[in-house]
Amino acid sequence: MKPEVMRDILIEEIYQRMKGNDKIFFLSADFGSPALDQLREDFPDRFINVGIAEQNLISVAAGLGLEGYTVFAYAIAPFLTMRSFEQIRISLALMAQTREVNVNLIGVGAGLSYDVTGPTHHCLEDIALMRLLPNVSVVSPSDASFMSDIATYAISNNKPCYIRLDGKALPRLYPPENQPLFNDGFSSLRRGKKICLVSTGYMTHVALQVADALSKEGCLVGLVDLFLLKDLNTSKLKSELSTYDILVSMEEGFIWRGGLDSLVASLTLSSKTPKPVYPLGFNDAYIFEVGDRKHLHEVAGLSVDRIIEQIKTLDGQ
Amino acid sequence: MQENKPEKISATDLKEKCRWIRSETLKIHKIAPGIRVASALSCVEILVALHYGNILQFNPEKPYDEERDRFIISKAHGSVSYYPILADLGYFPKDQLAKVGKSGSILGDIPDNSIPGYETINGSLGHGVGVACGLALALKAKGNNRSVYVLLGDGELNEGSVWEAIMFASHHKLDNLVLIIDNNKICMLDYCSKIINLEPIEDKFSCFGWEYFSVDGHDIEKLHAALAEASCLHAGKPKVVIANTIKGKGVPKLEGDSLCHIRALKPEEIDALTGENHP
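Just so you know, these numbers come straight off a predicted model, no measurement behind them.

Caption draft 1: Broad picture of the sheet that holds strand 12 (residues 246-254) of chain A. Residues and elements named next belong to chain A. Here we have 5 strands laid out as an open sheet, ordered 9-11-10-12-13, and mixed in their pairing. Taken across any chain shown, the strands that pair with only one partner, and hence form the sheet edges, are strand 9 (186-190) and strand 13 (277-282). Between one strand and the next, the sheet's axes are offset by a mean angle of 25 degrees, whatever the strand orientation. Pairing between strand 9 and strand 11 (residues 222-226): 4 bridges, direction antiparallel. Along strand 11, the bridge assignment pairs F186 with L226. Packing against the sheet, helix 12 (residues 304-316) makes contact with strand 10 (195-199), strand 12 and strand 13, and its axis sits at approximately 140 degrees to strand 10.

Caption draft 2: Inspection of the environment of V60(A) at higher detail. Within the secondary structure, V60(A) sits in helix 3 (residues 54-66). Residues V60(A) and L263(A), 203 residues apart in the sequence, show an inter-C-alpha distance of 31 Å. Once you skip the residues sitting within four places of it in the chain, V60(A) turns out to touch L27(A), V50(A), G130(B), C133(B), G134(B), L137(B) and F168(B).

Caption draft 3: The nonpolar core, seen in detail. Of all hydrophobic cores here, the largest spans 194 residues; its most connected members are L27(A), A73(A), C133(B) and V241(B). Residue contributions to this core peak at 9 residues, all from helix 5 (residues 128-142) of chain B. Structurally, this core is a two-domain feature, drawing no fewer than three residues from each of domain 1 (4-170) and domain 2 (183-316) of chain A. Among residues more than four places away in sequence, those in contact with A73(A) are L27(A), L57(A), I58(A), A61(A), V103(A), L105(A) and I106(A).

Caption draft 4: Local environment of the interface of chain A and chain B. Across the boundary between the two partners, chain A contributes 21 residues, which contact 19 residues of chain B. Among the secondary structure elements, those contributing two or more residues to the side of chain A that touches chain B are helix 3 and helix 5 (85-94) of chain A. Among the elements that line the side of chain A that touches chain B, the one with the most residues is helix 3 of chain A, at 9 residues. Of the residues that constitute the side of chain A that touches chain B, the class distribution is 11 nonpolar, 7 polar and 3 charged.

Caption draft 5: The packing of helix 1 (residues 11-31) of chain B against helix 10 (residues 267-274) of chain B, seen in detail. Residues and elements named next belong to chain B. Here helix 1 crosses helix 10 at 160 degrees, and the two axes come no closer than 10 Å. Here helix 1 lies roughly antiparallel to helix 10, going by the angle between them. Here helix 1 and helix 10 pass one another in a crossing that is left-handed. Along the contact surface, helix 1 presents S23, L26, K27, H29 and K30, while helix 10 presents P267, I270, L273 and T274.

Caption draft 6: Main features of the packing of helix 3 of chain A against helix 6 (residues 160-171) of chain B. For the pair helix 3 of chain A and helix 6 of chain B, the least separation of the axes is 9 Å and the interaxial angle reads 65 degrees. With respect to helix 6 of chain B, the axis of helix 3 of chain A lies roughly perpendicular. Considering only the axes of helix 3 of chain A and helix 6 of chain B, their crossing is right-handed. Across the interface between the two elements, Q55(A), N56(A), S59(A) and V60(A) of helix 3 of chain A pack against S161(B), E164(B), A165(B) and F168(B) of helix 6 of chain B. Residues belonging to the contact of helix 3 of chain A with helix 6 of chain B are distributed by class as follows: 3 nonpolar, 4 polar and 1 charged.

Caption draft 7: Representation of the domain arrangement of chain A within the structure. Residue and element names in this part refer to chain A. For chain A, the domain assignment lists domain 1 (4-170) and domain 2 (183-316). Computed from C-alpha coordinates alone, the two centres of domain 1 and domain 2 are separated by 26 Å. Contact residues are listed per partner, giving 24 residues for domain 1 and 29 residues for domain 2. Mapped onto the side of domain 1 that touches domain 2, the elements with two or more residues apiece are helix 6 (126-132) and strand 6 (137-139). At 4 residues, helix 6 tops the list of elements feeding residues into the side of domain 1 that touches domain 2. Split by residue class, the side of domain 1 that touches domain 2 holds 14 nonpolar, 5 polar and 5 charged.

Caption draft 8: Quick look at helix 10 (residues 260-269) of chain A. All names here are of chain A. In terms of burial, helix 10 is largely enclosed, as 7 of its 10 residues are buried. Residues of helix 10 that are buried include every one of L260, D261, S262, L263, V264, L267 and T268, and no others. As for helix 10, its buried residues are in contact with helix 6, strand 10, strand 11, helix 9 (234-241), strand 12 and strand 13.

Caption draft 9: Expanded view of the pairing of strand 1 (residues 70-73) of chain B. Residue and element names in this part refer to chain B. Taking every second residue as pointing to the same face, both faces of strand 1 are buried, with R70 and I72 on one and F71 and I73 on the other. Alignment of strand 1 against strand 2 (residues 148-153), held across 4 bridges, turns out to be parallel. Paired with F71 across the bridge in strand 2 is Y149.

Caption draft 10: Spotlight on helix 1 (residues 6-20) of chain A. The first and last C-alpha atoms of helix 1 of chain A sit 22 Å apart over 15 residues, in line with the 21 Å expected at 1.5 Å per residue. The complete set of buried residues in helix 1 of chain A reads M6(A), R7(A), I9(A), L10(A), I11(A), E12(A), E13(A), I14(A), Y15(A) and M18(A).

Caption draft 11: Representation of the pairing of strand 2 (residues 24-28) of chain A in the model. Residue and element names in this part refer to chain A. Extensive coverage of strand 2 is indicated by the burial of 5 of its 5 residues. Of the two faces of strand 2, the one carrying I24, F26 and S28 and the one carrying F25 and L27 are both buried. Sheet topology note: the strand 2/strand 4 (residues 70-76) ladder contains 5 bridges and is parallel. Its bridge partner being in strand 4, F26 is matched across the sheet by F72. Where strand 2 lies against strand 3 (residues 47-49), 3 bridges are found, and the strand directions are parallel. Paired with S28 across the two strands is N49, which belongs to strand 3. With helix 2 (residues 36-42) bridging strand 2 and the parallel strand 3, this β-α-β connection has right-handed handedness.

Basis of the calculations
- The residue numbers shown here count from 1 along each chain, following its written sequence.
- Chains and ligands are labelled by the order in which they are written, letters from A for the one and numbers from 1 for the other.
- Thresholds applied to this predicted model are a pLDDT of at least 70 for local features of residues and 80 or more for the giving and counting of side-chain atom pairs; totals over whole chains, interfaces and linings are not thresholded and use all residues.
- Pairs of strands are assigned from DSSP output, requiring at least two bridges between the strands.
- Secondary structure elements are taken from DSSP: a helix is a run of H or I of four residues or more, a strand is a run of E of two residues or more, and numbering for both begins at the N terminus.
- Inter-axis angles, ranging from 0 to 180 degrees, are taken between N-to-C directions of lines fitted to C-alpha atoms, where helices are fitted over the stretch in contact.
- A residue pair is marked as a contact if its C-beta atoms, positioned from the backbone, fall within 7 Å.
- The term nonpolar core means buried Ala, Val, Leu, Ile, Met, Phe, Trp, Tyr and Cys residues held together as one set by C-beta atoms within 7 Å.
- In this scheme every C-beta is placed from the backbone, and a residue whose C-beta has 20 or more other C-beta atoms within 10 Å is buried, one with 12 or fewer is exposed, and one in between is partly exposed.
- By convention here, the domain bounds are inherited from an automatic or database domain assignment.
- Residues are grouped as follows: Ala, Val, Leu, Ile, Met, Phe, Trp, Tyr, Cys and Pro are nonpolar; Asp, Glu, Lys and Arg are charged; every other residue, Gly included, is polar.
- Angle categories are assigned with fixed cut-offs, so that under 35 degrees is roughly parallel, over 145 is roughly antiparallel, 65 to 115 is roughly perpendicular, and the rest are oblique.
- Here is the rule for handedness: rotate from the far helix to the near one, and if that takes an anticlockwise turn smaller than a right angle the crossing is left-handed, while a clockwise turn gives right-handed.
- A helix is expected to span 1.5 Å multiplied by its residue count minus one.
- Convention used here: a crossover is right-handed provided that the path from the first strand, over the helix, to the second strand proceeds clockwise when the strands point away from the viewer.

Written out as structure tokens, the structure reads:
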């Protein structure tokens, strides 16, 4: 199957649901997608481009949500989550504790999706920021096969949700006949012995290359793809991780700043048999280096080869 | 649904309500010295005209009644004077007024929407108008003829997010939206004109495509007339009522003090104003 851009598949899913559900609004902060054109044309009353105004995007979405509408608010991930962080905190997270407000944020450009666009467009903080907010769900899919589940989840769970999507076209990791249970929040893609990689989003694609290359050398490492970063089935995940000795978190985010590594560490620390967590991500600095994603990963020591070396070292310990 | 407030209420009665609310607000200040009392005193006539002057539709028995007008108090921190009104209208028992800021009370120094009668949470400034735009859009989408009212402070106009919403409202012709600016002219540290001067505010709104009304915010009859006119006008434009007020109104020590936002009155000063004896 050829690589797909998740946002197009998700928007198509939402478009189909808008046909049968007149309570859905789609708001954009002047951000588009080929799939959005049909939606804009067919639902001129329920598609609103608020302009280049991410703060107002959230506020208007909250107002519609308070009146019982299901709202999707769509923008570039770093601007959506960071420029309007207080709007999300006040009018979604705080509000959702006292009133129902079903607003679903779709952020495009997770991690280094916008590689050559530079550090303003890199999004290395969003997992930590959104996970921090009570009453907000966080969804971080690794491929387009999740989009139907995500649309259903967002429409039915009646609370704010942040959906972080990669901006690049990515191949599917899950064949239709082997789609994981969405509400579990994770899927075990490879089973191993001593080490388990725990990744999210794009990094699951990298992790799969790592695991398969190591497997050819006789080193079997596990791989867990985490796609719900809040409200996941933690007892099931703890059980899955308990069979390993070392956990390696892999994310396009700053290490030890509240992102995926912190999530994995807090899970294992609260289990009966805590395991060490080795974090793979970006050190405490922004990336001004110009280059494509592969190049930026190489510079940061996150190339497949470098990760394999580190895993071998860990395996030998 | 309560067709709120008495059918006909005289200006004298409205003035008496204002006097009572100022007194109750000062009594609250006595037990909760941290409230923004000067800011709460400037908007008393606005709150009274809306709730006792047959402007707003509301239902204390069903605070989220579909047929209510939506009322957002964007300057939440300066609206403790709304507490006595909500108690008077039956949103919660009046004895709660004696517990403001106390442990376990439903009423804090800054109101939030866990309090019956508060539509949204607005302790942080600059959020109310954008949310109100969403409410106004939703009401139009539903075919609901109720309106959305927002009370905000003039200092709050410094927040950029407010102007994102002001632009949005006129573009989308939200003529079911009424903004009321408590133009008390003082921020926390100084006169607004010395910080970021926005006068004349009317011109700003006019050139952003809004219908504006400018009125003495303490003349209850004129204020009521302006609010009534703004409410009835549906000409494809959002509406703003600029209520020119005095921060700390009714307390000579606060009126005209550029730092009145952060002033707290002494208990004996409050007693002298409310006519109560100092315990």
